[in-house]
Each structure stands twice: as C-alpha cells, then as structure tokens.
Amino acid sequence: MTTRVEQDRHCFCSPGACVAPAPRKLAAGRNEGRCVPRRVWWLRTKNSSGRRVSISFKTELEARTAAAKLEAARILGQDYQPRAAVKTVPPFAKVAEEAVKLYGQLHTQQPSTTANREWFLRSYLLPRLGDRPMMAEHFNELSIMRLIAELRGVLSDTSLGNGLGALRMILDHAVRLGLLSSNPMRASGKLWKAEPRPEVDPFSSSEIRAIVRAAAAAASAASRAAGPASAAGLPSAAADRTAGSCRVR
Ligand SMILES: [Zn+2]
C-alpha cells in the first residue's frame with residue numbers, strides 16, 4: 001500500500017506547450033491524461049475499499065501533512081479520509097452546459113441560431129476546451145486569442161464570428177458564477193478583426209428611381225408586344241397587372 005505526494009505533472013505547462021515530465025509507469029489499461037495544468041500537489045493513496053484515489057492540495061505542505069495523518073491513522077488502526085483543500089473548479093463543459101440551458105430558457109431564439117451555436121459548441125469548443133477548469137489561468141485574453149487564431153484556420157470568419165458569440169455568452173456565465181473576474185472577450189481592445197463581408201452596394205435613391213422607370217418601361221413594352229391577352233388567344237388571367245407580371249408564351 002503506497003501513499004505518495006507529488007506535484008501535478010502539468011503544473012508548469014501553458015496552453016499548447018506541454019512541458020510535463022514523462023509519466024511514471026502506468027498501470028495496464030490506463031492512458032496518459034491530456035495536458036491540463038493545475039497548480040496543485042497530489043496525495044495519491046488508496047481508500048478503505050482499496051480504490052486508488054488522488055486528492056489535490058494547494059501546497060506541498062498541506063499534502064504532506066495529510067499524508068502523515070493518513071499514515072498515523074493507519075498505524076493506529078483508524079480510518080482517516082483527508083479532505084481536499086482545493087475547491088473543485090468546474091470544467092468549461094459544465095459551465096457551458098448551464099450557460100446554454102439558462103440562455104435558452106430566458107431568450108426566444110431563432111431555431112437556426114440555436115442550431116448554429118450548438119454546432120459550434122459541440123464541434124469546436126468542447127473538443128478544445130471541454131475539460132479545462134474554468135479559471136483565469138486557462139481563460140484569458142491570450143488563450144482566447146490563440147483559440148481564435150487556430151479556428152480562423154478551419155472556419156470562415158462569418159461562421160467563427162457567429163460561433164464566438166456562444167463562447168462570449170459562456171464566459172459571461174463564468175463571471176456570474178464567480179469563476180472569472182472578468183470576461184476576456186469583453187476586453188477593451190478587439191481580439192481579432194474579421195475579413196470584411198462582401199456587401200452589395202446599397203442603391204442611392206436616384207438609382208432606385210431609374211431602376212423602377214426602366215422596369216416599368218420594360219413591362220409596358222412586353223404587354224404591348226403580347227397585345228391584349230384575348231387577342232393572343234390567352235385566357236385573360238395570363239395578364240396579371242396587380243402581380244406586376246405578364247406571362248407570355
Ligand atoms: Zn502538460
């Protein structure tokens with residue numbers, strides 16, 4: 001029965017740059033976890049039913065004190081369950097789930113808007129951010145800028161711009177939960193600039209008048225060419241002035 005204290009392997013990693021030492025030998029069937037930096041110390045032990053448990057502590061001293069108490073209790077034949085001193089920070093996925101649900105309950109949305117947000121969340125945000133603890137260490141201006149830069153490589157700016165609305169809404173929720181002190185997507189400076197959308201030049205009022213005149217002239221020329229509907233052997237319904245159209249066969 002081993003109890004050991006160790007610093008989180010990914011403690012000094014930053015998003016995208018894993019500097020973790022190689023893992024200790026893993027038990028058969030266990031995979032190396034993905035890089036999620038946590039500034040914690042782990043107390044690895046087994047609980048009374050023999051299951052492996054890891055308990056996190058903010059400092060090495062706290063972890064070693066808990067380990068010593070555990071050892072003392074074992075010698076005395078008592079059951080001692082150390083309590084983690086670190087409050088569990090919910091991961092992005094959990095915050096996102098509640099944020100989306102609450103937003104849907106409070107806002108009437110177009111089904112297409114809901115579907116688009118859901119698609120962006122499931123396809124792009126959750127795979128990248130899902131298990132990251134919602135804290136400023138992982139969700140700050142720099143990490144969001146890196147995320148946007150990465151997503152610009154795979155999405156059009158229009159899709160990205162729409163999708164980022166969902167991320168901003170989720171981060172707003174994290175602020176409300178007290179997990180972030182501010183929303184990094186509401187920073188003073190813009191984090192990115194979308195490529196301008198190709199827009200149709202709006203017509204000026206004189207252009208619109210010219211177009212209407214040209215359309216009216218074309219319509220009357222067409223109706224003159226077709227002659228009265230009856231003369232052309234067409235039922236009179238073929239010439240429908242109110243709909244502004246004239247069917248000519
Ligand atoms: Zn790492």
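The shown structure was predicted, so the numbers you read here are calculated from the model rather than taken from an experiment.

Chemist: An account of the pairing of strand β2 (residues 41–46) is needed here, citing residue identities and associated values.
Modeler: Burial along β2 is one-sided: the residues W41, L43 and T45 are buried and none of W42, R44 and K46 is. Sheet topology places strand β1 (residues 4–7) next to β2; four bridges connect them, and they run antiparallel. Pairing of V5 across the sheet is with L43, part of β2. Of the strand pairs in this sheet, β2 and strand β3 (residues 52–57) are connected by six bridges, and their pairing is antiparallel. Each residue of the ladder has a partner; that of R44, found in β3, is S54. Counting the residues in the hairpin turn of β2 and β3 gives five residues, including G50, whose phi is positive at 85°.

Chemist: Run through the sheet that holds β1, naming residues and quoting values.
Modeler: Strand order in the open sheet formed by three strands is β1-β2-β3, with antiparallel pairing between adjacent strands. Two strands close off the open sheet at either side, each with one partner strand: β1 and β3. Each strand of the sheet is rotated relative to its neighbour by a mean of 25°, with strand direction disregarded. Packing of helix α1 (residues 60–76) onto the sheet brings it into contact with β1, β2 and β3, and relative to β2 it is tilted by some 20°.

Chemist: Which residues make up the nonpolar core, and what are the values?
Modeler: Generally speaking, soluble globular proteins have nonpolar side chains that are buried together. V95, A96, L125, I170 and A174 are the most contacted members of the largest nonpolar core, which totals 21 residues. Of all the secondary-structure elements, those providing two or more residues to this core are α2 (92–106), α3 (111–129), α4 (141–152) and α5 (157–176). For this core, the element with the highest residue contribution is α5, accounting for six residues. Among all residues touching L125, those that are not within four sequence positions of it are A96, F120 and L167. Core analysis: the next-biggest nonpolar cluster, separate from the first, contains eight residues, V40, I55, F57 and A67 among them.

Chemist: Give a description of α4 that names residues and reports values.
Modeler: Look at α4: 16 Å from first C-alpha to last across 12 residues, which is about the 16 Å you get at 1.5 Å a residue. For α4, the complete set of buried residues consists of I144, L147 and L151. Along the axis of α4, the buried residues cluster in a sector spanning 60°; they form a single face. Of the residues in α4, the exposed ones pointing more than 90 degrees away from the buried face are L142 and A149. Residues of α4 that are buried in the fold lie against α3 and α5.

Parameters and conventions
Residues numbered from 1 in each chain as written. Predicted model: local features only at pLDDT ≥ 70, side-chain atom pairs only at ≥ 80, totals over all residues. Buried ≥ 20, exposed ≤ 12 C-beta atoms within 10 Å, placed from the backbone. Helix = DSSP H or I, 4+ residues; strand = E, 2+ residues; numbered from the N terminus. Pairing = 2+ DSSP bridges. Axes fitted to C-alpha atoms, helices over the stretch in contact; angles between N-to-C directions. Contact = placed C-beta atoms within 7 Å. Core = buried A, V, L, I, M, F, W, Y, C linked by C-beta atoms within 7 Å. Expected span 1.5 Å × (residues − 1). Arc of directions from axis to C-beta.

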